[in-house]
Amino acid sequence: MKDFLNTANKKHLVKPHSKMTLKIKMIFLITLLITGMFLILGLLINYLFTNTLEESMGEQALNVAESVAHIPELIQAFEDEDPASTIQPIASDIREATGAEFIVVGNKEEIRYSHPNHSQIGKKMVGEDNHRALALGESYVSTALGSLGQSLRGKVPVLSNNGEIIGVVSVGFLAKDVENVIQAHSKEIWLVLIIIGLIGIIGATFVSNYIKRILFGLEPEEISHLLLQKETILQSTHEGIIAVNQKGTITLINESAQKLLFDGESIHYIGTQISDVLPESQLPEVLKDGQSQFNREMQVRSVSILVNRVPIYYENMLIGAVATFRDKTEMEMLTMELTRVKQYAEALRAQTHEFSNKLSIIFGLLQLKHTKEAIEFIKKESNLQQEWIRIVIEKISDPLLSALILGKLNQASERQISLSIHPDSQLTAHMSDRKREALLTALGNVIDNAMDAVQLKIRTERKISIFFTDLGDDVLMEVDDSGSGVSLDDMEEIFHQGFSTKKGYHRGVGLALSKQIISEVNGDIFLEETDLGGACFVITIPKFED
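Sequence order as written defines residue numbering, which begins from 1 separately in each chain. Only residues with pLDDT of 70 or above have their local features reported here, since the model is predicted, and side-chain atom pairs are shown and tallied only from 80 upward, although totals for entire chains, interfaces and linings are computed over all residues. By convention in this description, side-chain values take in all heavy atoms of the structure and omit both hydrogens and water.

**Remarks on the overall build of the chain**
Going by this rule: Put simply, DSSP H or I for four residues or longer makes a helix, DSSP E for two residues or longer makes a strand, and each gets a number counted from the N terminus. Partly exposed residues are those whose accessible area sits between 20% and 50% of the maximum for their type, while under 20% is buried and over 50% is exposed, using a 1.4 Å probe and protein chains only. Here a residue-residue contact requires only that any non-hydrogen atoms of the pair lie within 4.5 Å. Calculation of accessible area relied on Shrake-Rupley with a 1.4 Å probe; when residues are assessed, cover is drawn exclusively from the protein chains displayed.
A count of helices and strands for the chain gives 15 helices and 14 strands. Among the 546 residues that make up the chain, the fraction classed as buried is 40%. Restricting to contacts in the chain with at least 6 residues of sequence separation, those with at least 24 account for 58%. Here the chain has roughly 31,100 Å² of accessible surface; of this, 58% comes from carbon and sulfur atoms.

Spelled out as C-alpha cells, the structure:
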C-alpha cells in the first residue's frame, strides 16, 4: 500500500476540487468549534460568576448589617442625647474590619447616626429604600443610588429591647467596586479560556497531522476515488477473495467468492465468523501463525479449489488475513487442452520425423540406382499408412478420436514400438462434446504412459495393444502394454495427484487428471489383469446421458 501511494503514483490520482486540503479544513473546523464552545462557555461562566458575586456580596452586606443591628451598645445609644457619638465609632471600626464601603445607621426618621463622611451625619438617608426595614421590619438586599453613588446594600431594622423598630442599619458596597472585582476575575477566566483554546488549536493541528498520516496523505476525494476503483476491481476479479480481521470476522467478500464457495447464495456474510461459514478456509490458522500459504488445495462441496492465504500486517502488527480462491477444475480444463495440443504436436512431430527418415531412405536408394527397391519401399510404406487409415476409419466414427489414434500409431512407429489395434475393436457411438473431450485426454495420457513404460524394453518386446468397443451401455477403451506393470502397493496411489513411478519433477499429473475428468462424466478408469505382462488400463464412459 505504501509503495502504491508513493509520490510518483499520487500524481495520477483524482485531485480534489477544493483548494483547501483536509489538514487545513480540519484545523479550521476544529478551531471554529473550539472557539465557539469556549465563547459560549466564557459568556455563561461570566454571567454565572457575576450573579454569584453579586449575591455573595449582598449576603455579606446583609450579614454585617445583621451583626451591627444586634450590638447592645448601639441599641442603647439610641436613647442617648447624642447617639452619633457612640454609634459612629462602632460603625467605623466594623466598616474597616469588614471592608464595606459604608455602614450607615439611622433612626426611624432616617436621620443618620453614622456615615463614612462625617459631614453627612445628622442628615437624612437617601436612596428611598428603607421603607421595608422601618415599616415592615424586613431584612433585605437592595440596589440604590446613595450619597456615595450606586451601591449594593444590606438593610436590617434596629429593634429596641421591647422589640420596637427604632432605626435601620445599611451596609453597602459601591457598584463600581463590585464591577471592578467582576472585571478582574473575568479577565482571569477569559485568559484561562484563551490559553485552553490555543492548546486546543495546537491539539487540532496534531490530530489533523495524525489523521492525514494514517490516511497516507490522501484527500477525501482521492480516498473515495480509490475506494470506488478498488471495489470495482474486487468485484470484477475472476478469483474469489475473502478478507478477515484479527478476530476471524469476514470484512470483505466479492461476488466470485460467493459463487464459487457458497453457490451464489444471496446471504450477507460480512460480519460473520469465517470458521462458521467456511471451516475449511484455514484462515484462522494463518491468523495464528502469521505464515503465508500458497497453492493449497481444499474441497468445497466436492469441488477442488486452489487457495492462497496471506496475513495482513500494519506497522508490524497482524491485523487480518486475505484468501484468494481459484476453481481447480478450470485450471485442469486448461491443462487438459494443453495436454491435447501437446499430444497432437507430438504426433505431428513424430509423423514429420518418420516421413523425413523415409524420404532419406528413398533418396539414398535413388542415388544408388536401386529404383526397383525404392518403388517397393514406397509401396510398402504407402500400404502401411493406408492400412492404418483404413482401420481407423472403419473402426472409429469420431474424427478427433481417429486423428488421436492415428497420431499415436505414427509416434509409436518412430519410437520403434509395436502399437496394434485389436481386430474386434469397433466404436461408432456418438458422444457429447464433454465426454469426447474427457475420453481424448484420458486415452492420450494412458497411451503416452504405455509408451514410456515399454521404452526400456528391447525392441522386440515393445508392445502396446488397444481395444475399444461401444457394445452395451458404455464406451470401453482398453490399453494393454508389455512394460514393467504396476505393483500392488502402487495400485491405490496411482491415480492420486503427485504420485508417479517415473523419476523427475512435475510428475503424477496425467493419470490424476484423467481420473478426475472421466469421473466428471460419470465414467471410470481402472487397472485390470494384463495379457502382455505390463499394465492394462480400462476407460469406461456411459454412452447415454443420465
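Picking up where we left off.
**Re the environment of Arg415**
Mapped onto the elements of the fold, Arg415 is located in the loop between α13 (399–414) and β10 (418–421). It is 9.5 Å that separates the C-alpha atoms of Arg415 and Arg462, two residues lying 47 residues apart in sequence.

**A short note on a negative patch on the surface**
Applied cut-off: Exposure above 30% relative accessible area and no salt bridge define the residues that can form patches, which grow by joining like charges within 9 Å and nonpolar side chains of Val, Leu, Ile, Met, Phe, Trp and Tyr within 5 Å. Each salt bridge in this description consists of a side-chain nitrogen of Lys or Arg and a carboxyl oxygen of Asp or Glu lying within 4 Å of one another. Residues scored as charged are limited to Lys and Arg (positive) and Asp and Glu (negative), so that His and the chain ends carry no count. Just so you know, the charge point we use is NZ for Lys, CZ for Arg, CG for Asp and CD for Glu.
On the surface, Glu79, Asp80, Glu81 and Asp82 cluster together into a patch of negative charge. Within the secondary structure layout, Glu81 lies in the loop between α3 (72–77) and α4 (83–98). Take Glu81: its relative accessible area is 85%, and that puts it in the exposed class.

**What about the pattern of salt bridges?**
Following the criterion strictly, the structure yields 8 salt bridges and no others. Of the charged contacts, one joins Arg436 and Asp398 as a salt bridge, the two residues approaching to 3.2 Å between their closest N and O atoms. Linking Arg436 in helix α14 (residues 433–454) with Asp398 in the loop between α12 (371–395) and α13, this pair joins segments that are 38 residues apart in sequence. Across the pair, exposure class does not vary: Arg436 and Asp398 are buried alike. Residue Asp452 pairs with Arg415 through a salt bridge whose shortest N-O separation is 3.2 Å. Of this pair, Asp452 sits in helix α14 while Arg415 sits in the loop between α13 and β10; the two residues are 37 residues apart in sequence, bridging distant segments of the chain. Judged by relative accessible area, Arg415 falls into the partly exposed class, the value being 21%. Because the salt bridges share partners, they merge into one network encompassing Asp398, Asp433 and Arg436.

**Remarks on the environment of Gly320**
By the secondary structure assignment, Gly320 is in strand β9 (residues 317–327). Given the relative accessible area of 0%, Gly320 is considered buried. Put simply, Gly320 and Ala243 are 77 residues apart on the chain and 7.3 Å apart in space, counted from C-alpha to C-alpha.

**Looking at the packing of aromatic side chains**
What characterises a pair of aromatic rings is the spacing of the ring centres plus the angle enclosed by the ring planes. Basically, it comes down to this: Whether two aromatic rings pair depends on their centres lying within 6.5 Å, for rings of Phe, Tyr and Trp, where Trp uses its six-membered ring; planes under 30 degrees apart make the pair stacked, over 60 edge-to-face, and the rest tilted. The criterion for a charge sitting over a ring is simple: Lys NZ or Arg CZ within 6 Å of the ring centre, and within 35 degrees of the ring normal.
In the structure shown here, the tally under the stated rule is 2 aromatic pairs. Considering the side-chain rings of Phe78 and Tyr113, the 5.3 Å spacing of their centres and the 65° angle between planes classify their relative orientation as edge-to-face. Of this pair, Phe78 sits in the loop between α3 and α4 while Tyr113 sits in the loop between β1 (102–107) and α5 (131–136), and the two are 35 residues apart along the sequence. Like Phe78, the residue Tyr113 is buried in the burial classification. Between Phe262 and Tyr269 the ring centres are 4.2 Å apart and the planes differ by 20°, which places this aromatic pair in the stacked class. The pair Phe262 / Tyr269 is uniform in exposure class, with both members buried. Directly above the aromatic system of Tyr140 lies the positively charged group of Arg132, at a separation of 4.1 Å from the ring centroid.

**Some points on the packing of α13 against α14**
To keep it simple, the criterion reads: The convention used is that axes are lines fitted to C-alpha atoms, helices contributing only their stretch in contact, and that angles between N-to-C directions extend from 0 to 180 degrees. Throughout this description, any angle smaller than 35 degrees is read as roughly parallel, any larger than 145 degrees as roughly antiparallel, any in the 65 to 115 degree range as roughly perpendicular, and the remainder as oblique. When residues are sorted by character, Ala, Val, Leu, Ile, Met, Phe, Trp, Tyr, Cys and Pro go into the nonpolar class, Asp, Glu, Lys and Arg into the charged class, and all the rest, Gly among them, into the polar class.
Where α13 meets α14, the closest approach of the two axes is 10 Å, and the angle between their N-to-C directions is 10°. Relative to α14, the element α13 lies roughly parallel. Along the contact surface, α13 presents Leu400, Leu401, Leu404, Ile405, Lys408, Gln411 and Ala412, while α14 presents Arg436, Leu439, Leu440, Leu443, Gly444, Ile447, Asp448 and Met451. Residue classes in the contact of α13 with α14 are distributed as 10 nonpolar, 2 polar and 3 charged.

**Considering the side chain of Asp129**
Stated formally: The term polar contact refers here to a pair of N or O atoms within 3.5 Å; inside protein, the definition further demands a hydrogen-donor-capable atom paired with an acceptor-capable atom, and it admits residues adjacent in sequence only when both atoms are side-chain atoms.
Note that Asp129 resides in the loop between β1 and α5. Take Asp129: its relative accessible area is 11%, and that puts it in the buried class. Separated by 2.8 Å, the side chains of Asp129 and Ser142 make a polar contact. In this structure, Asp129 is in contact with Tyr140, Ser142, Ala144, Arg153 and Lys155, ignoring residues within four places of it in sequence.

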